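Structural characterization, general
Read off the chains here:
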Amino acid sequence: MTHTLNDGQQLPAIGFGTYPLTGEEGIAAITSAIEVGYRLIDTAVNYENEREVGEAIRRSGVPREELVVCSKLPGRHHGYDDAVASVRGSLERLGLDRLDLHLIHWPNPSQGRYAEAWRALVDLQREGLVTSIGVSNFTEAHLRRVIDETGVTPAVNQIELHPYFPQEEMRRVDAGLGILTESWSPLGKRQAPFTEPPVVRAAERLGVTPGQVVLRWQVQIGALPIPKSATPSRQRENLDVLGFELTDAEVAAITSLGRPDGRLFGGDPESHEEM
Ligand SMILES: NC(=O)c1ccc[n+]([C@@H]2O[C@H](COP(=O)([O-])OP(=O)(O)OC[C@H]3O[C@@H](n4cnc5c(N)ncnc54)[C@H](OP(=O)(O)O)[C@@H]3O)[C@@H](O)[C@H]2O)c1
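As the structure is a prediction and not an experimental result, all values here were calculated from the model. (Residues numbered from 1 in each chain as written. Predicted model: local features only at pLDDT ≥ 70, side-chain atom pairs only at ≥ 80, totals over all residues. Heavy atoms only, no water.)

Counting residues in hydrophobic clusters, the biggest one holds 66 residues, and the most contacted among them are I30, I34, I104, W118 and V213. Among the elements that line this core, the one with the most residues is helix α4 (residues 114–127), at seven residues. Core analysis: the second largest hydrophobic core is formed by 14 residues, V68, W106, V156 and W184 among them. (Core = buried A, V, L, I, M, F, W, Y, C linked by side-chain atoms within 4.5 Å. Buried < 20%, exposed > 50% of the residue type's maximum accessible area, 1.4 Å probe, protein only. Helix = DSSP H or I, 4+ residues; strand = E, 2+ residues; numbered from the N terminus.)

Printed below as a string of structure tokens:
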């Protein structure tokens, strides 16, 4: 199963999140993820592990063209020239000559320069340094502004999305604009909803783990989850969710776990500033 982006590039159904994997242990975990079958690797300048991702790609021996490497532009690099230099820096640290996907990490509306950053990504895509360009943590207003100013619609919007924060409205907005929603913290991280009755019941019916139920829910709502695990057995488990199916009622019951305080990270939910 793959997703076809609005620019034609194909992405796998599940990606691998790499925060906070760093150092030799991080390289080992990311290499393992590629070896067990992940083909979309999610990093960011702010994770300070682009070198580790590049090294893991080389150690895995998997051909470069089989991998989708995604990084992200930090808020301090939103100026046009800074953004261009930032992407070149990411490529240098990764040891690659092209990024498959690059996202504006946060809109940081108080700085007011995300549209400038987007213009830089549009130009870098035209130059061929980045195959697909997208955003992260954008609201409908942020999306409409960058589309209005450049005529180029982001391919991806990567947002916090898990059963306690199912983002029904943003998923509708993304889908309406032809943008693929990627889910960060797809398992719900620390507050993983693994003991919630709808998750447990589906796991028992299907003979899978609660984590697999949550990731299958992600797939069935049309999102692309990027779970992180440093543990090879869990990496395998998280990838193995395409051989079973939740019923519509199970999907709805998991979506209804959403709650007003379901967002994982504190702060003002409307601020959309880098954390
Ligand atoms: N764009 C953004 O602003 C943004 C923000 C946050 C994160 N992200 C991206 O999203 C990725 C994933 O998010 P996340 O790391 O916050 O949360 P997550 O993937 O929902 O959860 C990761 C946690 O769950 C554990 N885990 C993984 N698989 C499990 C399983 N099958 N059963 C039980 N526990 C399991 C992991 O532990 P072990 O490692 O010990 O297995 C880890 O502690 C990040 O790595 C990063 O790439 C992006």
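Looking now at the packing of helix α3 (residues 80–94) against α4. Contact geometry for α3 and α4: axes closest at 8 Å, N-to-C directions at 50°. Classified by the interaxial angle, the pair formed by α3 and α4 is oblique. When you trace α3 past α4, the crossing you get is right-handed. Where α3 approaches α4, its residues Y80, A83, V84, V87 and R88 are matched on the opposing element by E116, R119, A120, L121, D123, L124 and E127. Looking at the contact of α3 with α4 residue by residue, the class counts come to seven nonpolar, no polar and five charged. (Axes fitted to C-alpha atoms, helices over the stretch in contact; angles between N-to-C directions. Parallel < 35°, antiparallel > 145°, perpendicular 65-115°, else oblique. Left-handed = near helix turned anticlockwise from the far one by under 90°. Contact = heavy atoms within 4.5 Å. Nonpolar A, V, L, I, M, F, W, Y, C, P; charged D, E, K, R; others polar.)

Another point: the site of the ligand. Taken together, the neighbourhood of the ligand is formed by 27 residues, with S185, K228, S229, A230 and R234 sitting nearest. A distance of 3.0 Å separates an oxygen atom of the ligand from a polar atom in the backbone of Y19. Between the ligand and P186 there is a distance of 3.3 Å, counted from an oxygen atom to a backbone nitrogen or oxygen. When isolated, the ligand has an accessible area of 920 Å², and the protein chains bury 86% of it. At a threshold of 2 Å from the grid points, most atoms of the ligand map onto the largest pocket. (Near = heavy atom within 4 Å. Polar contact = N/O pair within 3.5 Å; in protein donor to acceptor, adjacent residues only side chain to side chain. Areas by Shrake-Rupley, 256 points an atom, 1.4 Å probe, with all protein chains shown as cover. 1 Å grid on protein atoms, 1.4 Å probe; cavity = no way out; pocket = protein on both sides within 12 Å on 5 of 7 lines; lining within 4 Å. Sits in = over half its atoms within 2 Å of the grid points.)

Before going further, it helps to examine the pattern of salt bridges. Throughout the structure, instances matching the rule amount to 17 salt bridges. Between R64 and D100 there is a salt bridge; the shortest N-O distance is 2.9 Å. Highlighted residues: R64 in the loop between α2 (50–60) and β5 (68–73) and D100 in strand β6 (residues 99–104), separated in sequence by 36 residues. Residue classification places D100 among the buried positions, given a relative accessible area of 3%. E116 serves as the salt-bridge partner of R113, at 3.1 Å between the closest nitrogen and oxygen. When its relative accessible area of 35% is taken as the criterion, R113 is described as partly exposed. According to the relative accessible area criterion, E116 is partly exposed, its value standing at 21%. Via salt bridges that share partners, E24, E55, R58 and R59 belong to a single interconnected network. (Salt bridge = Lys/Arg side-chain N within 4 Å of Asp/Glu carboxyl O.)

Once that is clear, we can look at the sheet that holds strand β8 (residues 156–160). Strand order in the open sheet formed by eight strands is β3-β4-β5-β6-β7-β8-β9-β10, with parallel pairing between adjacent strands. In the strand order of this sheet, the two ends are held by β3 (16–17) and β10 (224–225), each with one partner. Packing against the sheet, α3 makes contact with β5, β6 and β7 (130–136), and its axis sits at approximately 135° to β6. (Pairing = 2+ DSSP bridges.)

This brings us to the side chain of T255. For T255, the position within the fold is in helix α10 (residues 248–255). Using a relative accessible area of 13% as the deciding quantity, one classes T255 as buried. Ignoring any residue separated from it by four or fewer positions in sequence, one finds T255 in contact with P163, P166, E168, R171, W217 and I221.

Geometry of an aromatic ring pair is reported as the spacing of the ring centres plus the angle between the planes. One pass over the structure, following the stated rule, counts four aromatic pairs. Ring geometry for Y19 and Y47: centres 5.0 Å apart, planes at 50°, overall tilted. Residue Y19 is located in the loop between β3 and α1 (23–36), and its partner Y47 is located in the loop between β4 (40–42) and α2; the two are separated by 28 residues in the primary sequence. Y19 sits in the partly exposed class, given a relative accessible area of 44%. By relative accessible area, which is 14% here, Y47 ends up buried. (Phe/Tyr/Trp six-rings, centres within 6.5 Å; stacked < 30°, edge-to-face > 60°.)

The subject of this paragraph is the pairing of strand β9 (residues 180–184). Counting buried positions along β9 yields five of five residues, so the element is predominantly enclosed. With burial as the criterion, each face of β9 is covered, one bearing L180, E182 and W184 and the other bearing T181 and S183. As paired elements, β8 and β9 share five bridges and run parallel to each other. Along β9, the bridge assignment pairs Q158 with E182.

So, about the environment of Q125. Within the secondary structure layout, Q125 lies in helix α4. With 108 residues separating them along the chain, Q125 and G17 place their C-alpha atoms 23 Å apart. If sequence neighbours within four positions are ignored, Q125 has contacts with D7, V130, T131, S132 and I133. From its side chain, Q125 meets the backbone oxygen of T131 in a polar contact 2.9 Å long.

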